[in-house]
Amino acid sequence: MNIHEYQAKAVLKSFGAPVAEGVPVLSLDDVQKAVDTLPGPLWVVKSQIHAGGRGKGKFIEDAAGEKGGVRLAFSKEEVLEHAKAMLGHHLVTAQTSAEGKQVNRLYIEDGADIDRELYLSLLVDRATGRPAFVASTEGGMDIEEVAHETPEKILTLPIDPTTGVTDADAAQLCDALKLDGAAREDGMKLFPILYKAFTEKDMAMLEINPLIVMENGHLRVLDAKVSFDGNALFRHPDIVELRDTTEEDEKEIEASEWDLAYIALDGTIGCMVNGAGLAMATMDIIKLYGEEPANFCDVGGGANAEKVAAAFKIIMKDPNVKGILVNIFGGIMKCDVIAEGVIAAVKETNLAVPLVVRLEGTNVEMGKEIIKNSGLNVIPADDLDDAAQKIVAAVKEA
Ligand code: ADP
Ligand code: MG
């Protein structure tokens, strides 16, 4: 689950991290009030959307496309001007679709005098199975680009969970970020604070880009992007409160209500599967035969007919879907139940694209029988290979 920058900063502040003063606003009336509570003489108006790269983004409504989603203002009037140009408008960044995201909230923040912009993040490092810091002096820019062009400028430092961030760890991070004086003192305090926030709140990722050294020599968290481990949310009702469903894909919200895992992709074939391994295999074999998956919906181990029908409808909502492949292994879930769910959904949605169904496992004969007797235009398949070839052929013909 993702949250907005201003929410992430509030969480980090509650652990003691240095962030600027700021006020989130939803309307132009609020902007006026917000700006009066901040000292000036520099304000920053920041679009709050669940996507990065806002500064370099462009508003669709701004024909000249010169100003991004993060703007400096040198007077209160200018704050209002920027707010007008952003609220309700659509911001396109490297991380949004071409339609962009409508900006419904702004964060009016105290402006900082920046000396240097650094990169710092925390994530779970799969190689070591530990939380790890990623630090670089090359902040404020695309870290993937830094990783590609100048990997030597990035330090990855896994943290031993039994000790937490040691002084030696913190010193190593300070060195990598070339911190000295007040900034170094701030850093020695900040790294354990971030680690504590990361682990206590079950974050999946915490990215501060940039962390800045200000002209007064101190550190400040200038941007914050946080996502939480969905499986741990039950432990954090305070975090669940921060969820902004208007920022999420409608299909993904519906899927989560049904406890389905839905992932949107770029191709043409919708995939209904059970289990992550089968999902991967299904997508691989679709690619092998020359097409691309449009999405996949994992119905899990114990789905009933209604859940299968819900999954089917979610897949169908994607206008890029030119055909559907149902590939399910009936273990705990029986093939006849799956077949009934598929048939019910096909009838309800007036399915207009080809559908290939491959079932295997418990009650497979009953399942095939149900599909055959349905009178619907469903293409049965015997194995994964057969299923993939049939759906690819059907999509290419259509
Ligand atoms: P994004 O990563 O989405 O583009 P950031 O919050 O990182 O958004 O802002 C982009 C840039 O805007 C920063 O790298 C920084 O140069 C500038 N900026 C952001 N917030 C402030 C602030 N409070 N004071 C001064 N400059 C800021
Ligand atoms: Mg940033």
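Residues numbered from 1 in each chain as written. Chains lettered and ligands numbered in written order. Predicted model: local features only at pLDDT ≥ 70, side-chain atom pairs only at ≥ 80, totals over all residues. Heavy atoms only, no water.

## Some points on the packing of aromatic side chains
Each aromatic ring pair is summarised here by two numbers: the centre-to-centre distance and the angle between the ring planes.
Inference 1: Enumeration according to the criterion identifies 2 aromatic pairs in this entry.
Inference 2: Judged by centre distance (6.0 Å) and plane angle (75°), the rings of Phe-133 and Phe-191 are edge-to-face. In this pair, Phe-133 is assigned in strand S9 (residues 130–136) and Phe-191 in helix H6 (residues 181–200), connecting sequence segments 58 residues apart. The two residues Phe-133 and Phe-191 agree in class, both being buried. (Phe/Tyr/Trp six-rings, centres within 6.5 Å; stacked < 30°, edge-to-face > 60°. Helix = DSSP H or I, 4+ residues; strand = E, 2+ residues; numbered from the N terminus. Buried < 20%, exposed > 50% of the residue type's maximum accessible area, 1.4 Å probe, protein only.)

## Side note on the coordination of the magnesium ion (ligand 2)
Inference 1: Taken together, the protein ligands of the magnesium ion (ligand 2) are Asn-209 (O) and Asp-223 (OD), with distances of 2.1 Å. Taken together, the residues span a long stretch of sequence, with Asn-209 in strand S11 (residues 203–214) and Asp-223 in the loop between strand S12 (219–221) and strand S13 (225–228) at a distance of 14 residues. (Donors = N, O, S within 2.8 Å, 3.2 Å for Na, K, Ca; no water.)

## Observations concerning the environment of Thr-246
Inference 1: The topology assignment puts Thr-246 in the loop between helix H7 (237–240) and helix H8 (250–257).
Inference 2: A sequence separation of 142 residues divides Thr-246 from Asn-104, and the C-alpha atoms of the two residues are 9.3 Å apart.
Inference 3: A polar contact is formed between the side chain of Thr-246 and the side chain of Asp-244, at a distance of 2.5 Å. (Polar contact = N/O pair within 3.5 Å; in protein donor to acceptor, adjacent residues only side chain to side chain.)

## Observations concerning the packing of helix H5 (residues 167–176) against H6
Inference 1: Contact geometry of H5 with H6 gives a least axis separation of 9 Å together with a crossing angle of 130°. Between H5 and H6, the angle falls in the class oblique. Here the hand of the crossing between H5 and H6 comes out right-handed. The residues of H6 that touch H5, namely those facing Asp-167, Ala-170, Ala-171, Leu-173, Cys-174 and Asp-175, are Arg-184, Gly-187, Met-188 and Phe-191.
Inference 2: Residues that form the contact of H5 with H6 fall into these classes: 6 nonpolar, 1 polar and 3 charged. (Axes fitted to C-alpha atoms, helices over the stretch in contact; angles between N-to-C directions. Parallel < 35°, antiparallel > 145°, perpendicular 65-115°, else oblique. Left-handed = near helix turned anticlockwise from the far one by under 90°. Contact = heavy atoms within 4.5 Å. Nonpolar A, V, L, I, M, F, W, Y, C, P; charged D, E, K, R; others polar.)

## A word on helix H2 (residues 28–37)
Inference 1: Those residues of H2 not exposed but buried are Val-31, Ala-34 and Val-35. Viewed end-on, H2 has its buried residues packed into an arc of 95°, placing them on one side of the element. Away from its buried face, by an angle of more than 90 degrees, H2 presents the exposed residues Asp-29, Lys-33 and Thr-37.
Inference 2: Where H2 is buried, its residues meet strand S1 (22–25), strand S2 (43–47), helix H3 (76–86) and strand S7 (106–110). (Arc of directions from axis to C-beta.)

## Looking at the domain arrangement of the protein chain
Inference 1: For the protein chain, the assigned domains read domain 1 (21–110), domain 2 (114–239) and domain 3 (250–397).
Inference 2: Of note, the centres of domain 1 and domain 2, computed from C-alpha atoms alone, are 26 Å apart.
Inference 3: Contacts between the two partners involve 7 residues from domain 1 and, on the opposite side, 5 residues from domain 2.
Inference 4: On the surface where domain 1 and domain 2 come into contact, there are 1 salt bridge.
Inference 5: A salt bridge links Arg-54 to Asp-223; its shortest N-O distance comes to 3.1 Å.
Inference 6: The tally of links from domain 1 across to domain 2 stands at 3 residue pairs in polar contact (both at pLDDT 80 or more).
Inference 7: Of the residues belonging to the side of domain 1 that touches domain 2, the class tally is no nonpolar, 2 polar and 5 charged. (Domains from an automatic or database assignment. Salt bridge = Lys/Arg side-chain N within 4 Å of Asp/Glu carboxyl O.)

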